[in-house]
Each structure stands twice: as structure tokens, then as C-alpha cells.
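# Close look at the chain arrangement
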Amino acid sequence: MLKHVDKSILLIAFFAVFVLEWFTPIHSDDYRYALLGISFDAHLNHYLTWSGRVVADYVSALLLATGSRGFISAMTGLVVVAFCYFIVKTPTGTLKWKKHDGLIFTLVFLTFWVANPNIGQTVFWIVGSANYLWTNLFVAAWIWNLYRIQCQRETRLHMGMLLLGLLAGCSNESVAPFVVGLALLAIVYDYWQAKRVYANKVAYFMSALVGASILIFSPGNFIRAQGAHTVWYNKSIVERITIHLSERFFNHLALVWISYVVLVLLAILLFVAKRHGHRIKSANPGMVGLMLLVGLGTSLIMVASPSYPDRVMLSTFLFFLLALSFLAREVVTVAGPHVMKGVYAVTGLMAAVFIWSYALMYAAYTRVYEQDAVRVNIVKNQLSQGHKDFTVPDFHFLKMQNSGGHFGFFHDPQIYGRYFGAGNVVKEKVNFDYSVLVNGKQQAIGDDTVAWFNNRGDLMLVSQHPLVGTVQVKTPSSDTSLPLARFTVAKINNEYWYFSAIPEKEVTHVALLP
């Protein structure tokens with residue numbers, strides 16, 4: 001039974017994700033999958049010519065087909081909570097809420113947020129979340145069920161588990177082989193312990209194998225590999241292994257270093273509990289080791305892939321979080337009052353980092369949300385003037401905890417144009433936050449120049465021609481002159497944009513001086 005405090009923990013986690021997703025504009029490949037639609041023929045052609053990720057591709061298209069920001073935000077929040085929930089409940093072998101679940105859920109969720117290798121592209125991107133968060137949710141649910149079945153020595157066949165095996169197998173390339181491998185490991189373990197092979201485990205293994213085969217042996221995968229990654233595949237196997245182990249493997253593992261800190265601190269607390277006379281008798285420590293090994297395997301197996309973007313590490317991170325959950329469960333099971341204080345201290349430390357991280361992300365994402373409104377206005381204005389080919393500014397993020405906080409900047413000019421009914425829409429890199437064009441006040445300072453400003457410290461000048469001279473900015477308590485030569489400049493279509501940071505005060509007047 002969930003207590004009020006436990007409900008509050010789940011709701012806080014849900015709304016933390018919901019709010020940021022609400023302020024996340026569709027971007028990158030979202031436009032492509034919105035245009036793809038949900039018809040069977042379109043997805044069959046996509047499978048045959050581009051990607052074997054049938055599950056992820058349909059999830060992307062279905063979410064985008066709703067066109068509802070509220071629905072998408074709610075689903076993203078629910079998926080994150082469910083993902084963490086299955087991780088927390090795997091060691092108990094049940095979904096029933098138990099003692100200390102609230103504490104462990106908090107620690108897992110905070111670690112998921114703070115140590116996430118690329119939260120911007122695995123959570124706050126519809127296509128990215130479908131490819132990595134949703135698919136890993138199916139994997140987490142499948143692992144929870146397999147562990148429950150193993151612990152309870154269940155021999156009945158569940159159709160739901162067969163479906164989960166299919167979904168988990170058809171997840172993504174780094175984790176699918178290990179879903180199959182874990183199912184096979186369960187069969188081998190049964191034979192080793194009881195000299196028996198159970199039909200239900202064989203069926204679960206087969207469903208995972210079918211799912212993985214659908215994913216990996218897609219004709220589209222081979223077509224894409226031949227066209228885009230010939231340089232990588234022309235290298236010898238030894239070269240690929242050397243590059244992967246010397247560069248990619250350890251660099252990617254370093255992305256989730258905060259989770260290692262949490263694991264080490266929990267291990268220390270378990271050691272202290274043992275020194276105080278508490279005996280460790282459960283299988284949890286062994287599962288910690290197994291999950292860590294599988295996690296490392298999901299990173300090692302990427303040697304077969306010509307590309308290894310940071311977002312792929314979420315599959316590795318899943319198993320590290322499972323290791324954390326097993327270890328935390330063992331600690332709270334054997335801990336005395338002093339050790340429990342240590343667990344609360346670790347959780348409190350992670351909560352402090354989370355609050356700092358979330359504040360930065362909220363500031364950044366709300367600004368990007370306003371930047372998207374600027375981009376859409378540019379599209380509408382250009383189309384109203386009869387232009388089909390034009391430019392929009394790239395998104396610009398404020399500083400966050402790490403670079404993994406922002407979503408991807410990929411932009412296909414033709415797909416973006418098709419989505420809005422235009423032609424070729426190119427993005428232009430700007431090195432400043434232009435959200436002041438939505439949230440600021442404006443003042444004409446000439447026949448064809450407008451100043452935009454707010455009390456957040458943003459000043460922009462938009463002109464039909466290049467500007468020179470000095471900008472005078474008056475506030476109730478100051479009068480500042482800013483040389484235009486020091487402004488950051490960008491040209492968007494036929495307009496010249498000038499940006500400068502100013503004191504965070506109310507601006508009363510702006511003038512352009514020679």
C-alpha cells in the first residue's frame with residue numbers, strides 16, 4: 001500500500017519530467033517521423049529500407065500523430081516513473097510496494113537524472129525517447145518478470161511475458177543480444193541446479209530471439225550500413241576493436257561516473273553493516289556483479305557499430321541502475337540505524353545535485369521553448385511573403401549540468417521544410433539566446449531597426465541593414481553605452497540580429513548613437 005509520502009515521491013518524479021517535456025519543442029527527427037505517419041505500408045517500407053527498430057519507430061509515429069503536447073508530456077513522465085519503478089522492484093520480485101521502496105526509488109530516480117549520459121536525447125526528444133527510454137522500459141519490465149519467475153520457480157506460461165520478450169528483443173542493437181542471453185542464462189541455470197529445462201523459459205527465450213532477429217536482421221539496416229558507413233566497415237576487425245577499446249569504450253563509460261560514486265558509497269555502507277555483525281545471505285550481491293557485467297557487455301558490443309552516440313549508453317546505464325537497486329536493497333535490508341543515516345545522506349546529496357541540475361535545465365528549456373516560437377513565426381512570415389527557401393536560427397541552450405542536458409541539433413532542411421509546407425529551410429548557427437524576441441519589450445530606434453529587451457539581461461537589435469555605432473541603454477539607476485562592435489551578430493534571411501547581455505534591470509530607453 002502506497003503511503004502519502006511515497007505517492008508524493010512518484011508524483012514529484014512524474015511532474016519533474018512532465019514540466020520539462022512540456023517546454024520541449026519537437027525537433028530533429030521528430031519532423032521525419034511525424035511525416036512518416038502510422039500506416040502499415042509506410043512502416044514496412046521504412047523497415048525494409050532504413051531501420052529495424054519497428055517498436056521504436058511506431059512509438060515515435062504514434063506519439064507525434066496525437067499532436068498533443070499534454071499527452072506526450074504525460075506519457076514521457078509515466079514512462080520515466082515506470083522505468084525507475086521496475087528497476088526498484090526487480091530485487092523484490094513483486095510490484096507490491098514494500099518498506100524502503102520510497103527511499104530506493106528516490107535514489108534510483110535521482111541517479112537516473114543526475115548521472116544520465118544524455119538525458120536531453122533519451123528523455124526530452126520524442127524520437128530519442130522512443131528509441132532508448134521506451135525500449136529500455138520494455139527491457140526493464142522483462143528483466144523484472146524474468147527475475148520474479150526465476151525466484152518463484154514459476155513454470156506456467158504467461159502470454160504477457162511472451163509479448164514483453166518480443167518487445168524487449170526488438171529494442172535496440174546494444175541491449176537486444178543481452179535480452180536473449182539472459183533468457184538463455186536462466187535456462188542454463190535451471191539445468192545446472194535442477195537438471196531440468198522448463199518449457200516456459202524456452203518460450204520466453206524464443207520470443208526474445210524472434211524480437212532481436214526482427215531488429216538486427218532488418219534489410220534496412222544492411223542498406224543503411226552500405227551507404228553511410230563504408231569507411232568503418234572497410235577497416236579490419238582488429239582496427240575496429242582497437243579503436244573501440246582505446247577510445248570509445250572508456251570515454252562512454254566515463255559519462256555515467258556519478259553512478260559509480262553512488263555504487264561505491266553504497267558498497268562502503270554495506271561493508272560497514274557487515275563489520276557491525278550483519279550477515280549477508282541473499283543473492284543481491286551476486287546480482288550486482290551480474291548486472292555490472294551485462295552493462296559492460298552492452299558497451300563492448302558496440303564495437304560492431306560504426307557510430308556510438310552518447311544516447312546509446314542508456315542501455316548500459318539501465319544495468320548499472322539495476323546493480324544500484326540490488327545493492328541498495330541489500331544495504332537497507334541489513335542496515336542498522338547508523339548505516340541507514342548513511343543511505344539518507346547519499347540520497348540527500350543526490351537530491352541537492354538534482355535540484356541544481358533541474359533549475360539549470362528548467363531555465364534552458366523554457367528559453368528554448370520561446371526560441372521555437374520565434375522560429376515558427378519566421379516560417380509563417382516567410383511563407384506569407386511567398387518564400388519557400390529561407391533560414392531559421394539554430395536553438396541555443398543556456399549552461400546546464402553537462403552537455404547531455406540539451407537535445408540534439410540535427411536539422412534536415414528538406415524534412416523541416418516539408419513539415420511546414422516550405423521548401424529548403426536551412427538553420428543558421430547563432431551564439432546567443434534570442435528568446436527575448438518573444439518574452440521582451442520592443443522599441444523602435446529608427447525607421448527599420450527595433451530594439452528588444454527584458455529584465456533578464458537580454459538586449460537584441462533587429463535591423464534591415466548592418467549597424468554601426470554605440471547603443472545607449474537606460475535603466476532607472478544607470479545609463480550605459482555599449483559599442484556595437486562588441487555585440488554578437490547573426491544574419492537571418494534579410495535581417496541583422498545583434499545581441500548583448502545587459503544588467504538584469506528594467507530598461508526604460510534604448511537609443512542608437514553614431
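Please refer to the structure higher up on the page.
This section reports on the structure supplied with the text. The structure displayed is predicted, hence computed values, not measured ones. (Residues numbered from 1 in each chain as written. Predicted model: local features only at pLDDT ≥ 70, side-chain atom pairs only at ≥ 80, totals over all residues. Heavy atoms only, no water.)

## Some remarks on the side chain of R148
What counts, and what does not: Counting from the N terminus, the helices are DSSP H or I runs at least four residues long and the strands are E runs at least two residues long. Using a 1.4 Å probe on the protein chains alone, a residue whose accessible area is under 20% of its type maximum counts as buried, one over 50% counts as exposed, and one in between counts as partly exposed. In what follows, a contact means two residues having at least one pair of non-hydrogen atoms within 4.5 Å.
On the secondary structure map, R148 appears in helix α8 (residues 126-152). For R148, a relative accessible area of 13% gives the class buried. With residues up to four places along the chain from it excluded, the contact list for R148 reads G93, E154 and H158.

## Focus: empty space enclosed by the protein
Threshold: In this analysis the probe radius is 1.4 Å and the grid spacing 1 Å, with only protein atoms considered; a cavity is a set of points the probe fits into but cannot get out of, a pocket is an open set with protein on both sides within 12 Å along at least five of seven lines, and lining residues have an atom within 4 Å of a point. Grid points are joined across faces, edges and corners, and a volume is the space filled by probe spheres set on the points. Think of it as three bins: nonpolar holds Ala, Val, Leu, Ile, Met, Phe, Trp, Tyr, Cys and Pro, charged holds Asp, Glu, Lys and Arg, and polar takes everything else, Gly as well.
Using the criterion set out here, one finds three cavities of 30 Å³ or more in the structure. Quantified by volume, the largest cavity comes out at close to 110 Å³. Together, 15 residues line the largest cavity, and S28, Y31, R375, F410 and H411 are the ones closest to its centre. Of the residues that constitute the lining of the largest cavity, the class distribution is seven nonpolar, four polar and four charged. As a volume, the second largest cavity reaches approximately 50 Å³. Taken together, W113, N116, I119, S357, M361, M400, Q401, N402, G404 and G405 make up the full set of residues lining the second largest cavity.

## Quick word on the sheet that holds strand β5 (residues 458-463)
The cut-off we apply is this: Any two strands between which DSSP finds at least two bridges are classified as paired. To obtain an axis, a line is fitted to C-alpha atoms, over the contacting stretch when the element is a helix, and the angle between two such axes runs from 0 to 180 degrees between their N-to-C directions.
Spatially, the five strands line up as an open sheet ordered β3-β4-β5-β9-β8, and their pairing is antiparallel. Among the strands making up the open sheet, the edge pair consists of β3 (441-444) and β8 (488-492). Direction aside, the axes of adjacent strands within the sheet are offset by 20° on average. As defined by bridge partners, β8 adjoins strand β9 (residues 495-501) across five bridges and the pair is classed as antiparallel.

## Brief notes about the environment of A323
Relative to the helices and strands, A323 is located in helix α17 (residues 313-334). Exposure remark for A323: the relative accessible area of 0% places this residue in the buried category. Separated by 320 residues in the primary sequence, A323 and K3 have C-alpha atoms spaced 26 Å apart. Discounting chain neighbours no more than four positions away, the residues touching A323 are L263, V288, M291 and L292.

## Overview of the layout of surface pockets
Here the largest pocket defines a volume of roughly 1,200 Å³. For the largest pocket, the lining is made up of 39 residues, of which R53, E173, R224, S305 and S307 are closest to its centre. Elements with a contribution of two residues or more to the lining of the largest pocket: α2 (30-36), α8 and α12 (219-228). Sorting elements by how many residues they give to the lining of the largest pocket places α12 first, with five residues. Of the residues belonging to the lining of the largest pocket, the class tally is 20 nonpolar, 12 polar and seven charged. Here the second largest pocket defines a volume of roughly 630 Å³. Y147, Q150, C151, A186 and Y189 are the residues nearest the centre of the second largest pocket, which is lined by 23 residues in total. Contributing elements (two or more residues each) for the lining of the second largest pocket: α8, α10 (176-194) and α16 (284-300). With seven residues, α10 is the largest single contributor of residues to the lining of the second largest pocket. Its residues placed into classes, the lining of the second largest pocket shows 15 nonpolar, four polar and four charged.

## Thoughts on the nonpolar core
Filter applied, for reference: Here, nonpolar core refers to any group of buried Ala, Val, Leu, Ile, Met, Phe, Trp, Tyr and Cys residues whose side-chain atoms link them within 4.5 Å.
Residues F105, F109 and W113 are the most contacted members of the largest nonpolar core, which totals 145 residues. If sequence neighbours within four positions are ignored, W113 has contacts with A16, V17, L20, I119, F124, F354, S357, Y358 and M361. If you look at the next biggest cluster of nonpolar residues, it comprises 15 residues, including L459, L467, L482 and Y498.

## Focus on a nonpolar patch on the surface
Selection criterion: A residue counts toward a patch only above 30% relative accessible area and without a salt bridge, and it is joined to like-charged neighbours within 9 Å or, for Val, Leu, Ile, Met, Phe, Trp and Tyr, to nonpolar neighbours within 5 Å. Surface accessibility follows the Shrake-Rupley procedure with a 1.4 Å probe radius. Residue values consider only the protein chains on display as shielding. Just to be clear on terms, a salt bridge is a Lys or Arg side-chain nitrogen sitting within 4 Å of an Asp or Glu carboxyl oxygen.
A surface patch of nonpolar side chains, about 710 Å² in accessible area, is lined by W257, V261, V264, L265, I268, F271, V272 and L349. When residues in the nonpolar patch are grouped by element, the largest group, seven residues, is from helix α15 (residues 257-275). Assignment of secondary structure puts L265 in helix α15.

## Describing the packing of aromatic side chains
Short version of the rule: Two rings from Phe, Tyr or Trp (for Trp, the six-membered ring) form a pair when their centres sit within 6.5 Å of each other. Planes less than 30 degrees apart are called stacked, planes more than 60 degrees apart edge-to-face, and all others tilted. Either the NZ atom of lysine or the CZ atom of arginine qualifies as a charge over a ring when it sits within 6 Å of the ring centre and within 35 degrees of the ring normal.
Going through the model one piece at a time under the given rule, you end up with 34 aromatic pairs. Considering the side-chain rings of Y31 and Y419, the 4.9 Å spacing of their centres and the 65° angle between planes classify their relative orientation as edge-to-face. With Y31 in helix α2 and Y419 in helix α19 (residues 413-420), this residue pair connects regions lying 388 residues apart in the sequence. For Y419, a relative accessible area of 34% corresponds to the partly exposed category. Above the face of the W144 ring, R148 is positioned so that its terminal group lies 5.7 Å from the ring centre. Taking the ring centre of F409 as reference, the NZ or CZ of K429 above it sits at 5.4 Å.

## Comments concerning the pairing of β5
Extensive coverage of β5 is indicated by the burial of six of its six residues. Linking strand β4 (residues 449-453) to β5, which pair antiparallel, is a turn of four residues; within it G457 sits at a positive phi near 95°. Bridge count for β5 against β9 is six bridges, and the pairing is antiparallel. In the sheet register, L459 faces β9, and the bridge partner there is S500.

## Examining unusual backbone geometry
Only a minority of non-glycine residues have a phi that is not negative, and only a minority of peptide bonds are not trans. For H100, which is not a glycine, the phi torsion comes out positive at approximately 75°. Topologically, H100 is positioned in the loop between α5 (69-89) and α6 (101-114). Its identity is not glycine, yet K195 carries a phi of approximately 55°, on the positive side. Structurally, K195 can be placed in the loop between α10 and α11 (199-216). Overall, the relative accessible area of 56% leaves K195 in the exposed class.

## Considering the pattern of salt bridges
For the structure shown, the criterion picks out 12 salt bridges. Put simply, K201 and D190 hold a salt bridge, and the shortest N to O gap is 2.6 Å. With K201 in helix α11 and D190 in helix α10, this residue pair connects regions lying 11 residues apart in the sequence. With respect to burial, K201 and D190 carry one shared label: buried. Put simply, D29, R32 and D412 are held in one network by salt bridges that share partners.

Remember that the coordinates give geometry; whether it matters functionally is a separate question.
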